Amino acid sequence: AQTTRLPSAGRGSVAARAAADRPMWLPGATPPAHLKGTIAGDRGFDPLSLGVEPERLKWYTEAELYNGRWAMAGVFGIIHQEALGKAGLIKDIPWFNTGYELKDEFPIAAQLGVLFPLFGFLELTRYQGFKKTGECGVINMFPFDPLGMKSEKMKEREVKNGRLAMMAFVGFVVQAVVCRQGPLDCM
C-alpha cells in the first residue's frame, strides 16, 4: 500500500494509506493512521480521534455493533407496531406515545422496577464478558451467535445495516417531534 505523510493539527504527522486502496467515507479522503481498514465498516472516518487507543477502538467497535442491533430491533418494532395498528390488530397508538397511553395497563413504576435491574444485570455481564473475551454477548454466551452466522462478510453487513437503522431511528424521532406522526403516516 502506498503511504503518504500529511501534517496533522498538533499531532506531528499522520501516516495514511492512499484512499484508492479501500472504500472511504469521502472519495479521495485520507484515513487516520489508526484506521487501517481491518475493522468491519471502517471507512476512514474518525474526526475526533476516538479510536487512537487500540483497546478503546475495540470497545467502540463492539459498542457500534451492539447499538446497531438495538436500532435494527427498534426500527423493526416501530414500523410493525404502526402497521399492525393501522390494520386494526392492535391499538393504533403512535410509537412515541405507547408508554404514556398504556400507563394504566403497565404502570411506569412497575416497568422501571423490572427494567432497571434486568438491564443493569445484562449490561454488567456484557461488559464482564467483553473484558474476558473481547466480544459482546449475552449472559454467558460470548460471542452471541446462535445462528452460526459469524463471518467477515456478515460483520460488514451488520455494521452497514446497524448504521442505517441508527439513522432511520433518528429520522423517526425527528418525524415524531416535528409532525407528531409515525414513519408510515409520514410517507
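Located above this text is the structure these notes cover.
Since the model is a prediction, treat every value here as computed from it, not as a measurement.

Rules used in this analysis
Residues numbered from 1 in each chain as written. Predicted model: local features only at pLDDT ≥ 70, side-chain atom pairs only at ≥ 80, totals over all residues. Heavy atoms only, no water. Helix = DSSP H or I, 4+ residues; strand = E, 2+ residues; numbered from the N terminus. Contact = heavy atoms within 4.5 Å. Areas by Shrake-Rupley, 256 points an atom, 1.4 Å probe, with all protein chains shown as cover. Axes fitted to C-alpha atoms, helices over the stretch in contact; angles between N-to-C directions. Left-handed = near helix turned anticlockwise from the far one by under 90°. Nonpolar A, V, L, I, M, F, W, Y, C, P; charged D, E, K, R; others polar. Buried < 20%, exposed > 50% of the residue type's maximum accessible area, 1.4 Å probe, protein only. 1 Å grid on protein atoms, 1.4 Å probe; cavity = no way out; pocket = protein on both sides within 12 Å on 5 of 7 lines; lining within 4 Å. Points joined across faces, edges and corners; volume = space filled by probe spheres on them. Salt bridge = Lys/Arg side-chain N within 4 Å of Asp/Glu carboxyl O.

Visitor: Is there a simple way to explain the overall build of the protein in this structure?
Guide: Helix and strand counts for the protein come out as four helices and two strands. Listing each helix as α and each strand as β along the protein from the N terminus yields β-β-α-α-α-α. Counted over contacts in the protein with a minimum sequence separation of 6, partners at least 24 positions apart contribute 38%. Surface accessibility of the protein: about 12,700 Å² in total, with carbon and sulfur atoms responsible for 64%.

Visitor: Please clarify how the packing of helix 1 (residues 54–86) against helix 3 (residues 108–133) should be interpreted in this entry.
Guide: Each pair of packed helices can be summarised by the angle the axes make with each other and by the distance between the axes. Between helix 1 and helix 3, the least distance of the axes is 12 Å, while the angle of their chain directions is 145 degrees. The handedness of the crossing between helix 1 and helix 3 comes out as right-handed. In this structure, helix 1 contributes Lys58, Trp59, Glu62, Tyr66 and Trp70 to the contact, and helix 3 contributes Phe119, Glu123, Arg126, Tyr127 and Phe130. Here the contact of helix 1 with helix 3 is built from residues that sort into six nonpolar, no polar and four charged.

Visitor: I tried to follow unusual backbone geometry on my own but got confused; where do I start?
Guide: Glycine aside, residues mostly have negative phi angles, and peptide bonds mostly take the trans form. Even without glycine at this site, Ser49 takes up a positive phi of about 55 degrees. In this structure, Ser49 sits in the loop between strand 2 (13–17) and helix 1. Owing to a relative accessible area of 27%, Ser49 belongs among the partly exposed residues under this scheme.

Visitor: Is there a simple way to think about the layout of surface pockets in this case?
Guide: Sizing a probe to match a water molecule and rolling it over the atoms shows the empty space that remains. Roughly 950 Å³ of volume is contained in the largest pocket. Along the wall of the largest pocket there are 34 residues; nearest its centre are Glu62, Leu65, Arg69, Phe144 and Glu158. Listed by contribution, the elements that provide at least two residues to the lining of the largest pocket are helix 1, helix 3 and helix 4 (152–179). Here the element with the most residues in the lining of the largest pocket is helix 1; it accounts for nine residues.

Visitor: Help me understand the environment of Asn67, please; the structure alone is not making it clear to me.
Guide: For Asn67, the position within the fold is in helix 1. Look at Asn67 and you get partly exposed, because its relative accessible area is 42%. Once the C-alpha coordinates of Asn67 and Gly162 are considered, the two residues, 95 residues apart in sequence, prove to be 7.5 Å apart.

Visitor: Sorry if this is basic, but what is going on with the pattern of salt bridges here?
Guide: Side chains that carry opposite charge are capable of pairing whenever their charged atoms lie near each other. In total, this model carries seven salt bridges according to the counting rule given. Note that Glu158 is salt-bridged to Arg69, the shortest N-O span being 2.5 Å. You can see Glu158 sitting in helix 4 and its partner Arg69 sitting in helix 1, a full 89 residues away along the chain. According to the relative accessible area criterion, Glu158 is partly exposed, its value standing at 24%. Judged by its relative accessible area of 32%, Arg69 is partly exposed. Ionic pairing is found between Lys91 and Glu105, a salt bridge with its closest N-O pair at 2.6 Å.

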